[in-house]
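The residues making up each chain are set out below.
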Amino acid sequence: MKIKVDQHNCIGAGNCAQLAPKVFSQREEDGVVILLDETPGDSEAEDVAKAVKICPAQAISVSEG
Ligand code: SF4
């Protein structure tokens, strides 16, 4: 699993960081997403999938590999 985030689209809602705090964080000054782990293990897959779904800006994408 390989994750990409689009910091330009991110509106800093923070849902991703709440759902998968090992994978996503937020910039302190404006809440924009920070990707902590670009290739997390399978244990994070479910939380990452939820984060993708719940992101209001569609700023998270996941690909295989
Ligand atoms: S859920 Fe989406 S909009 Fe909210 S901080 Fe994460 S990437 Fe940004």
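Residues numbered from 1 in each chain as written. Predicted model: local features only at pLDDT ≥ 70, side-chain atom pairs only at ≥ 80, totals over all residues. Heavy atoms only, no water.

To keep things clear, this is the line we draw: UniProt positions are given in the numbering used here, feature names are shortened, and annotations may be inferred rather than shown by experiment.
An unreviewed UniProt entry lists the chain under the name Ferredoxin, from Sphingopyxis macrogoltabida. The record held by UniProt for the chain lists under Function (unreviewed entry) the comment "Ferredoxins are iron-sulfur proteins that transfer electrons in a wide variety of metabolic reactions."

1. Quick word on the overall build of the chain
Note the threshold: Helix numbering and strand numbering both begin at the N terminus, where a helix is a DSSP run of H or I of at least 4 residues and a strand a DSSP run of E of at least 2. Relative accessible area decides the class of each residue, using a 1.4 Å probe on protein chains only: under 20% of the type maximum gives buried, over 50% gives exposed, and in between gives partly exposed. Any two residues whose heavy atoms approach within 4.5 Å at even a single point are treated as in contact.
Along the chain, the regular secondary structure elements total 2 helices and 4 strands. The secondary structure elements of the chain, listed N-terminal to C-terminal, are β-α-β-β-α-β. Judged by the C-alpha coordinates and their principal axes, the chain covers about 30 × 20 × 15 Å. Taking all 65 residues of the chain together, the buried fraction comes to 29%. Considering only residue pairs separated by 6 or more positions, the chain has 55% of its internal contacts joining residues 24 or more positions apart.

2. A look at the site of the ligand
To be explicit about the condition: We call a residue near a given molecule or strand whenever any one of its heavy atoms falls within 4 Å of it. Residues are sorted three ways: Asp, Glu, Lys and Arg are charged, Ala, Val, Leu, Ile, Met, Phe, Trp, Tyr, Cys and Pro are nonpolar, and all the rest, Gly among them, are polar.
Taken together, the residues surrounding the ligand are Cys 10, Ile 11, Gly 12, Ala 13, Gly 14, Asn 15, Cys 16, Val 33, Cys 55, Ala 59 and Ile 60. Residues that form the shell around the ligand fall into these classes: 8 nonpolar, 3 polar and no charged.

3. Things to note about the pattern of salt bridges
Just so we agree on the cut-off: Within this document, salt bridges are pairs made up of a side-chain nitrogen of Lys or Arg and a carboxyl oxygen of Asp or Glu, the two lying within 4 Å of each other.
Inspection of every chain in the model, using the stated rule, returns 4 salt bridges. With a closest N to O distance of 3.4 Å, Lys 2 and Glu 38 form a salt bridge. Here Lys 2 is found in strand β1 (residues 2-5), whereas its partner Glu 38 is found in the loop between β3 (33-35) and α2 (45-54), with 36 residues between them in sequence. Here Lys 22 makes a salt bridge to Glu 44, at a shortest N to O gap of 3.7 Å.

4. A word on the environment of Lys 22
Note on placement: Lys 22 falls in the loop between α1 (15-19) and β2 (24-26). In this structure the C-alpha to C-alpha distance between Lys 22 and Leu 36, which are 14 residues apart in sequence, comes to 6.8 Å. When residues no more than four places from it in sequence are discounted, the contact partners of Lys 22 are Leu 36, Asp 37 and Glu 44.

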